[in-house]
Structure formats: C-alpha cells, structure tokens
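Results of the structural survey
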Amino acid sequence: MLRKQVCSNSELSFLMEAHDGLSAAIAERAGFKGLWASRLSIACSLGYGDANEASWSRLVGIVERIVGSTELPVLVDGDGGFCNFDNARFRARKLCQRGAAGVALEDSYFPTMNSFVGERHRLADIDEFSGRLRAVKDTVADDLVLVARVEALTTGHGVDEAVLRAHAYAEAGADAIFIRSLKSTAEEILSFSSAWQNRSPVIIVPTKYCRTPLSTYRNARISAVIWANHSMLAAMAAMQQFCGRVITEGTNSNIAVFDELFELLMYDELARAEACNLPLAGLER
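Since the model is a prediction, treat every value here as computed from it, not as a measurement.

Here we look at the packing of helix α2 (residues 21–30) against helix α4 (residues 56–69)
Between α2 and α4, the least distance of the axes is 8 Å, while the angle of their chain directions is 30°. Helix-helix and strand crossings are classified by hand; for α2 and α4 the assignment is right-handed. For the pair formed by α2 and α4, the contact residues are Gly 21, Ala 24, Ala 25 and Glu 28 on the first element and Arg 65, Ile 66 and Ser 69 on the second. A per-class count over the contact of α2 with α4 returns 3 nonpolar, 2 polar and 2 charged.

This is the structure in structure tokens:
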C-alpha cells in the first residue's frame, strides 16, 4: 500500500503525521491512506527536543503502537540511520519486525538537530550515506519502502547539489527521494523537480510553503505530500486554547466527548468480547 502511494507519479498521495495511537486513529478516520511517524512529533509528545534525545527503543515502541492502532501503512522518520551502515540496517530490520511499511533516512550528520533550529547543520558524505542506503536495501529488500531524504536545500547547498545527491541515492537503492526546503515558497522544490525529471518518485513536506495550491504539485508530478508535524501542532494549539479558557473563563466547552473517544477506539468491540468471553457467573462469584 505504501509503495503504491509514494512510488507512483500517476496520482498525488497524502500522508498525515502520527505521534501516537490516537493521532493515528484520527487520521485514518479522516480518510488518510498513509501515515508518517514523525521523529519531531514523537519526541515532542514525550517532552523531548528533536535532537536525538529520545532513545531509539522508545521511538520504536511508539511506532509499534501507531502501526497497531490502524490499518494504514506507516512511513517512519528514521533520522540519519544513527551514524553508520550497521546501525541503519539493524534499525530497519527492527522497524520491519514492528510492522512499519517504510523508512526515510536523511543525509545529515549525526547527531542531528532539527533543521528549523540553528544554522550549524552538516551533510553526510555522499558515498558513506549511499552505503547506509545499500545496507538497508540489502537487509530488508522489498519488505520496507526505502526513502532517501535529501537535506541539501535546507543547508543552503542548492539545487545542483540536491540533484547530485539524489542521483547517488537512487543508484544506492532508494525507492523515492524526499526533498525539503525551508523557503516560504515552493520555488526551490519545483526547480529540483524540473531538474530531477522524475527519475524516481519525489516526496515533499510543505511546512513553510503550505499556501501553494495542490495543483502545482500535481503538475510537477510530485508523488506524495507529507503533513509532517501538523497533527501534533494542531493538538498543541487546541490544548493551549482550552487551558487558557479554563483559567480565564472557567469553562470546559468545545471539547470532544467520551462517546466520540470510545467510538473511535472501538470500545464497543471490547464490550462484545467481554460478553462472549467472560461468563456472568464468573462476575457473581
């Protein structure tokens, strides 16, 4: 399912960020066909910064809950693969075992810092990072969609460097290229897409240039758009507004009710299972 969504130029697909089982279930109910397990959002939901502060085992456990909460395929933000080819292939194998459908590795220098924070961001060596990709591809083959995330634009290296790296990563086995830009317009992304000429599928995250019409991406034959941290940010905004109203107005209106929560998480199935598997006689004793 994920390969069909992110590895095809015939239709623009959308993946929504999920940082826990509840946000995953909400995205599925809304109609999304795929999920993005965001490193930043997961770390923030745990109270950590997006700077490799949360342990890998903790992140994998949350990915498992996201996978188990819906029927949707999950593309996991795999950071840079954690230093080298051996760590990259080990973690890809673990993600496969936990049910992930794909992993995106970025060509940043470990330890990574979120690209929106600070200016001291280094890129990994092309050949070394290509080795990480080959190691992952050799390990999980067709069981995991492998996405190479190119950070050349976010670090100011320009479109030519981004295309050079994308070529190397595609040759190393990446199924799709994930290109990011920090500009407020999609100009850099469209320039890359034009130069890349759809040699392999392209994935984008319009965090900064979110006002660009979706038709622009379709015309550029972009394969998939990831709403990378938006569910977490929406939840944060809603909680801030609610907490502010309680303090200033003493009201708790405009929130979901328990029936909605129970219905979303299928409490009715739990009740039916209880009726079938827990005899009333056992309760009386």
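A look at helix α10 (residues 230–249)
If you check α10, its first and last C-alpha atoms are 28 Å apart, about what 20 residues at 1.5 Å a residue would give, namely 28 Å. After α10 finishes, the residue Gly 250 shows a positive phi value of roughly 70°.

Quick look at the packing of aromatic side chains
The description of two aromatic rings rests on the distance between their centres and on the angle between their planes. One pass over the full model with this rule turns up 5 aromatic pairs. Each ring, one from Phe 192 and one from Trp 196, has its centre 6.0 Å from the other, and the planes form 15°; the classification is stacked. On the criterion of helical spacing, the pair formed by Phe 192 and Trp 196 is a turn pair, its members being 4 residues apart in helix α8 (residues 187–196). Classification of Trp 196 by relative accessible area gives buried; the value is 0%. Here Arg 149 stacks its cationic end above the ring of Phe 178, 5.3 Å away from the centre of that ring.

Rules behind the numbers
Residues numbered from 1 in each chain as written. Predicted model: local features only at pLDDT ≥ 70, side-chain atom pairs only at ≥ 80, totals over all residues. Heavy atoms only, no water. Axes fitted to C-alpha atoms, helices over the stretch in contact; angles between N-to-C directions. Helix = DSSP H or I, 4+ residues; strand = E, 2+ residues; numbered from the N terminus. Left-handed = near helix turned anticlockwise from the far one by under 90°. Contact = heavy atoms within 4.5 Å. Nonpolar A, V, L, I, M, F, W, Y, C, P; charged D, E, K, R; others polar. Expected span 1.5 Å × (residues − 1). Phe/Tyr/Trp six-rings, centres within 6.5 Å; stacked < 30°, edge-to-face > 60°. Buried < 20%, exposed > 50% of the residue type's maximum accessible area, 1.4 Å probe, protein only. Lys NZ or Arg CZ within 6 Å of the ring centre and 35° of its normal.

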